[in-house]
Amino acid sequence: MSSHLPSRRTFLHLAGTGLALSGIGLVPATSTAVASPSAPPRATGPVLLNFNESPYGPAPAAQAAARAIVADSGRYLFALAGELRDVFAAQEGIGTDRVRLFPGSSEPLNRAAVVWTSATAGLVVADPTFESLGDLAAARGATVARVPLTADGAHDVRAMVDAAARINAGLLYLCNPNNPTGSITPDADIAWLLAHKPAQTRVLVDEAYLQFSAQPSVIAQVMQRDDLIVLRTFSKLYGMAGLRLGVAAAHPDRLRELASLGDNPLPVTALAAGLASLREPGLVAQRREQNASVRQATVEWLRKRGFRCVPSEANCFMVDVQRDGAAFTAAMAERGVVIGRSWPIWPKVVRVTVGTEAEMAAFRTAFAAITGAPTAQG
Ligand code: PLP
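Here is what the cut-offs are and how they apply
- Residues numbered from 1 in each chain as written.
- Predicted model: local features only at pLDDT ≥ 70, side-chain atom pairs only at ≥ 80, totals over all residues.
- Heavy atoms only, no water.
- Core = buried A, V, L, I, M, F, W, Y, C linked by side-chain atoms within 4.5 Å.
- Buried < 20%, exposed > 50% of the residue type's maximum accessible area, 1.4 Å probe, protein only.
- Helix = DSSP H or I, 4+ residues; strand = E, 2+ residues; numbered from the N terminus.
- Domains from an automatic or database assignment.
- Contact = heavy atoms within 4.5 Å.
- Near = heavy atom within 4 Å.
- Polar contact = N/O pair within 3.5 Å; in protein donor to acceptor, adjacent residues only side chain to side chain.
- Nonpolar A, V, L, I, M, F, W, Y, C, P; charged D, E, K, R; others polar.

## Overview of the nonpolar core
Ranked by size, the top nonpolar core spans 59 residues in total, and within it Leu101, Val124, Leu172, Leu228, Leu245 and Leu271 carry the most contacts. With eight residues, the single largest contributor to this core is helix α10 (residues 268-278). Residue contributions to this core reach at least three from each of two domains, namely domain 1 (8-58 + 282-371) and domain 2 (61-278). Not counting residues up to four positions away in its chain, the partners in contact with Leu101 are Ala81, Leu84, Arg85, Gly246, Val247, Leu266 and Leu271.

Structure below.
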């Protein structure tokens, strides 16, 4: 089960509490007004801190661009995809032949499992991490080595390289910052991994949350290496999860392998909104700072009450709730705050998406009611 989709059990539970439809976003928000980048759309229903979505949605310029292009959506508008690819490549300083667009980054992740893992070519992932690649590879008969994160939440690159040699890995997955922890793996560790991994092991670095952090990207290295694939998505900081746009950056041979499973034109609304987002000056810095400030205040509030969080640089964090994580998540949902789940390796630690200040105030109120922690702010 992909970790960002509700399980049937969760859905039924939410249905039982009357949260199901609005809780997973099936009921659209009533307000579609173009807001400033920092003003969230008017919220209705429960507080959603479960899928690492942006509470702010697409930037106002991106919303306007998506609306404006609907009239032209009788056509595929392939040239628009080319324009977006070129702008992205120029901003990242890489060749346009190193960039391929997809409807979200789930698509190249799934394709990576299919083309680079098999019964004889294993996969190495961290534990905990974003599970969709590992789940798909395992379902297709690949050996999956799950390597626990280090105590500070980094990928244990030395243990991952050992595992890659042991299972003859075709692919190694490194998510930076990591989902669900939001923790980072230092640049020097990634450099060490790339220098020491087995020759036959390709490395996929998932940078879905990189824009929230101060970490450097490894994307420029796709100009020199043919064994590195870097993924980006417009679903997180750009707030376009429902519009679907992602990027794979790699050597042209690797992009051809990903493309070997067939083509699929992109939604023109996503292309228009994506281009407008890339061209919006200050958007990344503004949203990064906004997210960091709300996250730090929440983590500090929890820390003062004795609840430990894994250090995060993303729009999510994990908190040790010192009790069964599944029961805690259910209790929060009953109070109208839908948070993420726990991972099997850490059953008492739950993932929380960083929402708006108002949403995190609701989080604190529900958290305090369940744990008995003092509610006073600060
Ligand atoms: N990679 C990571 C680390 C994620 O957390 C997610 C979604 O939550 C994805 C990829 C896939 O997102 P999308 O398909 O919306 O780009």
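## Topic: the environment of Pro252
Its place among the elements puts Pro252 in helix α9 (residues 252-259). Between the alpha carbons of Pro252 and Arg100 there is a distance of 9.2 Å; along the sequence they are 152 residues apart. In contact with Pro252, other than residues within four places in its own chain, are Asp97 and Arg98.

## Some details on the site of the ligand
Residues in close proximity to the ligand total 16 residues, the closest being Ser106, Asp206, Tyr209, Thr233 and Ser235. Side-chain polar atom of Ser235 to an oxygen atom of the ligand: 2.6 Å apart, as the coordinates give it. Within the contact set of the ligand, an oxygen atom lies 2.8 Å away from a side-chain nitrogen or oxygen of Lys236. Of all the secondary structure elements, the ones that give two or more residues to the shell around the ligand are α5 (106-116) and β5 (169-175). The class makeup of the residues in the shell around the ligand is six nonpolar, seven polar and three charged.

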